[in-house]
Every structure is written in structure tokens, then in C-alpha cells.
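Architecture and fold: a report
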Amino acid sequence: MAPRLAWRVAKLVESRPETDSAHTLVLEVPDWPGHLAGQHVDVRLTAEDGYSTQRSYSVAGPANGDRIELTVQRLSDGEVSPYLTDVFAPGDPIELRGPVGGWFVWRPTATEPVLLVAGGSGIVPLMAMIRARREAGSRVPFRLIYSVRTPEDVYYAAELRRGAPGLDIAYVHTRTAPEQARRPAKRIGLPDVTTHGWPPDFQPTCFVCGPTGFVETVADILVAVGHDPQRVKTERFG
Ligand SMILES: Cc1cc2nc3c(=O)[nH]c(=O)nc-3n(C[C@H](O)[C@H](O)[C@H](O)COP(=O)(O)OP(=O)(O)OC[C@H]3O[C@@H](n4cnc5c(N)ncnc54)[C@H](O)[C@@H]3O)c2cc1C
């Protein structure tokens, strides 16, 4: 078996649109060693002239045998993400290593309540936690606060609409809110976190993921209202 952090050659099995700007990639990874919800992989692209670059992507759910899923948001001026969403085709190989990361993870044996706060593509590792909870049959109460620009930007929309027992979901819209929404479109703030999160007395584990500014804002709010900083776990997508 290859060491965990050796580069392996994975193959794209399927690429399906998640939103107008994001694709979920199903990859077949030989001898995938398994992973925890919240971990990520590194992918490496190498051009014919030898130029090589790598990026990190969270795994979006439990593995299915040797198959894992990533969801990649296209940044139109980015170097790697437009290739992964628009050019990378079924059958194509890609170098990948992982799983990486041991702090920003949720284990199905955990018993404390969980607060997930996602900004944009930051939903990916948090969805992995929601899916791992379902797969394990865990009854641990989960709350998700998911910040998106518009209702069309929600990843995994049908699956989140179906919901799960013990999973509460609140959406924060930053540019366009649905017509029936009581909350006007604006960035996440203290009232969103206190209304839809857990009181600090419940001692939840909080996972916050998204762009750096979003993560810092939410983590500061959580600590300011009394959550133990050790229980506020963050992952910044840069
Ligand atoms: C642990 C981890 C997990 C992640 N998981 C995911 C995931 O699940 N899904 C996902 O979509 N992304 C994820 N990311 C982000 C991902 O790794 C990439 O950063 C993202 O896809 C952008 O890569 P890119 O090559 O397309 O853009 P890049 O070329 O890296 O550019 C990114 C942005 O920076 C700007 N930029 C680039 N160079 C400069 C410069 N010199 N000066 C100023 N601005 C510049 C670009 O204009 C662009 O807007 C994760 C990141 C981390 C660290």
C-alpha cells in the first residue's frame, strides 16, 4: 500500500454541475486509505513543459470504496479551478495525495452538539460532516448556518432540502435573498450566529469554513459571545 502522503494517480469518473460555477468531481483513487470528515486532499497538475502547481480541496463526503468526491468552485481568474471545472474530463488522470489534516475533523464517535458555519464553497468539508453523521446513524444534534450570495449558489441544494432528523439549517444570503425571506441580503453578523447557533453553555464544537474574512468574522463572534476558543475550529480557503 502506498504511504498516505505519497502522490497517487487518480482518475476522473464523473463531473457534475453543482451550481453555475461549481462542479462535483468523482475520482477513483487506487488504494484510497479512507479519511475523516473535514479532511482534504492536495491535487497536483503538471504541464508538458514540467511546470507544476498544486491546490487543496476538501473531500465532500465518506468514500465509496476507492471513490471520493470533491466540489470545486470556479474562480474565473484562477489558475487551477477553471481547469478542474471546465476542462478536466472523465477518464483524465490527476495526481492526488491525502488525506491531509487532523484538527478540522468530525468523528462519528463525538457526542457534543455541532455548529457548522459555511461561507460559499466552505460548505464542502461541513457537508462531509453532515454526510458522515448520516452514514454513522449518529443522533448528535447539528446546526448549519450557510452563507451564500444568492439562493442559486447553494451547493447540494436537493440533499439539504431533504434534510435529516436533528439537523437544523439556516441560510444567510449576502447579495439576493429569496422573496419570502424576512432577513434582507447582507453579510453574516452577530444576530445570525446567536439566533441559529447553539448557546455557549451547550459546549458545542463549532466548525467554521470559507474565505478568510468570513472565517475571522464568525470565529470572532463565537468567541465574543462566550464559546471556548478551543472548540471553535476554523479552515480558511484563502
Ligand atoms: C484546506 C483547503 C481546502 C480547500 N477546499 C476547497 C474546496 O473544497 N473547494 C474549493 O473550491 N476550493 C477549496 N480550497 C481552495 C483551493 O485550494 C484553491 O485556492 C481555489 O480553487 C483557487 O485556486 P485557483 O488556482 O483557481 O486560483 P488561484 O490562481 O490560486 O487564485 C486565487 C485567487 O487569488 C487571486 N490571485 C492569484 N495570484 C495572485 C497574486 N499574485 N496577487 C493577488 N491576487 C492573486 C486570483 O485572482 C484569484 O482570485 C481549499 C483550500 C484549502 C487551503
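Model, not experiment: these values are computed from the prediction.

1. Side note on the site of the ligand
Contacts to the ligand come from 19 residues, most closely from Gly78, Glu79, Val80, Ser81 and Val124. Contributing elements (two or more residues each) for the shell around the ligand: β4 (52-58) and β5 (67-73). No other element matches the 4 residues that β4 contributes to the shell around the ligand. Residues belonging to the shell around the ligand are distributed by class as follows: 6 nonpolar, 9 polar and 4 charged. Both domains that furnish three or more residues to the shell around the ligand are identified here as domain 1 (8-100) and domain 2 (114-236).

2. Notes on the nonpolar core
In this structure, Leu116, Leu126, Met129, Phe207 and Val218 are the most contacted members of the largest nonpolar core, which totals 53 residues. Where this core is concerned, the elements lending two or more residues are β2 (22-28), β3 (40-46), β5, β7 (114-119), α2 (123-136), β8 (142-148), β10 (205-210) and α5 (212-224). Among the elements that line this core, the one with the most residues is α2, at 8 residues. Setting aside its immediate chain neighbours within four residues, phenylalanine 207 contacts Gly38, Phe104, Trp106, Val114, Leu116, Leu126, Met129 and Lys233.

3. Some words on the domain arrangement of the protein
Looking at the protein, the domain boundaries give domain 1 (8-100) and domain 2 (114-236). If you average the C-alpha positions of domain 1 and of domain 2, the two centres end up 24 Å apart. Listed by partner, the interface residues are 14 residues for domain 1 and 14 residues for domain 2. When contributions to the side of domain 1 that touches domain 2 are tallied by element, the ones reaching two or more residues are β1 (8-19) and β5. Broken down by class, the residue content of the side of domain 1 that touches domain 2 amounts to 5 nonpolar, 7 polar and 2 charged.

4. Describing the sheet that holds β7
Strand-to-strand pairing in sheets goes through backbone hydrogen bonds, with the strands running parallel or antiparallel. Read from one edge to the other, the open sheet built from 5 strands follows the order β9-β8-β7-β10-β11, with strand pairing classed as parallel. The sheet terminates laterally at β9 (167-173) and β11 (232-236), the two strands that pair on one side only. On average, each strand axis in the sheet is tilted by 10 degrees relative to the strand beside it, whichever way the strands run. Where β7 lies against β10, 5 bridges are found, and the strand directions are parallel. Bridge pairing in β10 links valine 114 to threonine 205.

5. Considering α5
Residues spaced three or four apart along an α-helix face the same direction, because each turn holds 3.6 residues. Relative to the 18 Å expected for 13 residues at 1.5 Å per residue, α5 spans 18 Å between its end C-alpha atoms, a close match to the ideal helical length. Listed in full, the buried residues belonging to α5 are Phe214, Val215, Thr217, Val218, Ile221 and Leu222. One side of α5 carries all its buried residues, which in axial view fall inside an arc of 165 degrees. Across from the buried face of α5, at angles greater than 90 degrees, the exposed residues are Thr212, Gly213, Asp220 and Ala224. Turning to α5, the residues buried within the fold contact β7, β8, α4 (190-196), β10 and β11. Looking one or two places after α5, you find glycine 226, whose phi comes out positive at around 115 degrees.

Conventions we followed
- Residues numbered from 1 in each chain as written.
- Predicted model: local features only at pLDDT ≥ 70, side-chain atom pairs only at ≥ 80, totals over all residues.
- Near = placed C-beta within 6 Å.
- Helix = DSSP H or I, 4+ residues; strand = E, 2+ residues; numbered from the N terminus.
- Nonpolar A, V, L, I, M, F, W, Y, C, P; charged D, E, K, R; others polar.
- Domains from an automatic or database assignment.
- Core = buried A, V, L, I, M, F, W, Y, C linked by C-beta atoms within 7 Å.
- Buried ≥ 20, exposed ≤ 12 C-beta atoms within 10 Å, placed from the backbone.
- Contact = placed C-beta atoms within 7 Å.
- Pairing = 2+ DSSP bridges.
- Axes fitted to C-alpha atoms, helices over the stretch in contact; angles between N-to-C directions.
- Expected span 1.5 Å × (residues − 1).
- Arc of directions from axis to C-beta.

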